[in-house]
Amino acid sequence: MTAESLDDPIEEPLAGRQRRFHPAWTVAVVALIALIGAAGFRAAPGVLMVPLEEEFGWSTAELSLAVSINLLLYGLIAPFAAALMQRFGIRAVTVVALFVIGAGAALSVFVATPGQLILTWGVLIGLGTGSMALVFAATITDTWFATRRGLVSGVLTAGSATGQLIFLPVIAAAAEDVGWRGASLIIAGGALAVAPLVWIFLRNRPSDLGVARYGETAPVVAAAPVPRGTAWGAAKLALSTLREAARTKTFWALAIGFAICGATTNGLIGTHFIPSAHDHGMATTTAAGLLAVVGVFDIVGTVFSGWLTDRVNPRILLAAYYALRGVSLLFLPSLLSAEVQPSIIVFIVIYGLDWVATVPPTIALCREVFGDKGPLVFGWVFAAHQIGAGIASVLAGIVRDHTGQYTFAWFAAAGLCAVAALVSATIRRHPAPASVRE
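Since this is a predicted model, take the numbers as computed values, not measurements. (Residues numbered from 1 in each chain as written. Predicted model: local features only at pLDDT ≥ 70, side-chain atom pairs only at ≥ 80, totals over all residues. Heavy atoms only, no water.)

Counting secondary structure elements, the protein chain contains 17 helices and 0 strands. Residue pairs at least 24 apart in sequence account for 85% of intrachain contacts in the protein chain once pairs closer than 6 positions are excluded. Counting only carbon and sulfur atoms, one obtains 69% of the accessible surface of the protein chain, whose full area is about 16,900 Å². (Helix = DSSP H or I, 4+ residues; strand = E, 2+ residues; numbered from the N terminus. Contact = heavy atoms within 4.5 Å. Areas by Shrake-Rupley, 256 points an atom, 1.4 Å probe, with all protein chains shown as cover.)

Core analysis: the biggest nonpolar cluster contains 121 residues, and Leu-48, Phe-136, Ile-269, Phe-273, Leu-329, Leu-332 and Phe-378 have the highest contact counts within it. Setting aside its immediate chain neighbours within four residues, Leu-332 contacts Ile-269, Phe-273, Ile-344, Phe-347 and Trp-410. (Core = buried A, V, L, I, M, F, W, Y, C linked by side-chain atoms within 4.5 Å. Buried < 20%, exposed > 50% of the residue type's maximum accessible area, 1.4 Å probe, protein only.)

Right, let's talk about the pattern of salt bridges for a bit. Taken as a whole, this structure holds 8 salt bridges when the rule is applied. The partner of Lys-373 in a salt bridge is Glu-244, with the nearest N and O atoms 3.5 Å apart. A residue pair is termed long-range when its members are at least 10 positions apart, and Lys-373 in the loop between α14 (359-370) and α15 (374-403) and Glu-244 in helix α9 (residues 231-245) qualify at 129 residues. Glu-244 shares its class with Lys-373; the two are buried. Here Arg-315 and Glu-368 are joined by a salt bridge, their closest N and O atoms 2.7 Å apart. Separated by 53 residues along the polypeptide, Arg-315 in helix α12 (residues 314-335) and Glu-368 in helix α14 bring together distant segments of the chain. (Salt bridge = Lys/Arg side-chain N within 4 Å of Asp/Glu carboxyl O.)

With that settled, the discussion passes to the environment of Ser-59. Take Ser-59: it is sitting in the loop between α3 (40-56) and α4 (60-88). Residue Ser-59 is classed as partly exposed on the basis of its relative accessible area, which comes to 28%. It is 9.6 Å that separates the C-alpha atoms of Ser-59 and Met-49, two residues lying 10 residues apart in sequence.

Glancing now at α4. For α4, with 29 residues, the first-to-last C-alpha span of 40 Å sits near the 42 Å given by 1.5 Å per residue. Maximal helix bending in α4 amounts to about 35°, located at Ala-78; proline Pro-79 follows within four positions. Where α4 ends, the next residue or the one after it, Gly-89, has phi of about 100°, a positive value. (Expected span 1.5 Å × (residues − 1). Bend = angle between axes of the 7 residues up to and from the residue.)

With that settled, the discussion passes to the packing of aromatic side chains. Within this structure, the stated rule accounts for 14 aromatic pairs. Ring centres 5.3 Å apart and planes at 80° place the aromatic pair Phe-251 and Trp-252 in the edge-to-face group. Under the relative-accessibility criterion, Trp-252 is labelled partly exposed at 45%. Here a set of aromatic residues connected by ring pairs shows up, and it is made of Tyr-74, Phe-258, Phe-378 and Phe-382. Of note, Arg-325 hangs over the ring of Tyr-351, and the distance from its end group to the ring centre comes to 5.9 Å. (Phe/Tyr/Trp six-rings, centres within 6.5 Å; stacked < 30°, edge-to-face > 60°. Lys NZ or Arg CZ within 6 Å of the ring centre and 35° of its normal.)

And the structure:
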């Protein structure tokens, strides 16, 4: 069936077409499944650090280095992945990323040195998951939706983060039953299983199906040609966007806030909560289950944040989210114990609601200030998120090795959240220069 035949009969009113099921929702569902499928190995390091340390005798700092490289590449590749999606299409880049994730997870079963762990956990998984990062959610949202953007970005963001956390008890149980190598192979299979679904159902642009974006009142446009370009052209686009965006104070405010966001989620809680709980006598599977509960409440918090972003000033939302997170971290050292107490459940619920609630308002601000280049700019802001996560992962490991506990790391993170709240509240209302927006 051709793209033109999808529009027959041509005289049908536009309102009638909009009442039918819009393919943007199919794309959003497939994107959500892909993000969840890619999240498996994002969850693995926190669970597998203890088994690897016990088998090989590697220090927490050595294991944290591999995780840190993963986190850094996860963020740094994101803006280039966004540019590649513009040049070669969303579908092709996503499928390649899923295969890279599967390869990295499968090859990790052969590691025998920290350097090999860095290559698999750090480089391959970092590159693959970075191409499936939250910038993927931003690209899908801006490409396919003219309205409901906050809600859609919230749902996709929740899928990415929640997928990581929900996989935790599965990976922890698999690591105990079949060993950490078997758990890695399960993750590899999950990533590869999603690839055919993406190839069949994900489309690059609404024009591929002869429709407008969801909620767009413009007439249906003809199918556009397949994007053309080179990887070098995509890289130049990403770098030129960074150069132009970096001239604005808003970019740096968003980047600083999001770097602290990464430090206090992926870098600390995501990587070190389970080892920290283990230090207090809690079983690994129990701690992993608590993080899975974070994932459950993250769904509610992030979707609700997306809904609020369509209605409330995103600057106010960011300031409130960071302040709440900082207060929660101040109490964490006194809440950890061998048994699950009601107080730690309260922390888990609050942190879950706040986990990546920052993403929808950050995407909205990138769109508001930088226009059509919003997804690319968000890619660089997300890179700052992962730089913060990588630095925090290493520093927390060093703190643990030198002091025998994580207390100072939690307190430092709480202080950083106060900084992020202040910076976010002072973001000015003004558009970026025209060169950045076009």
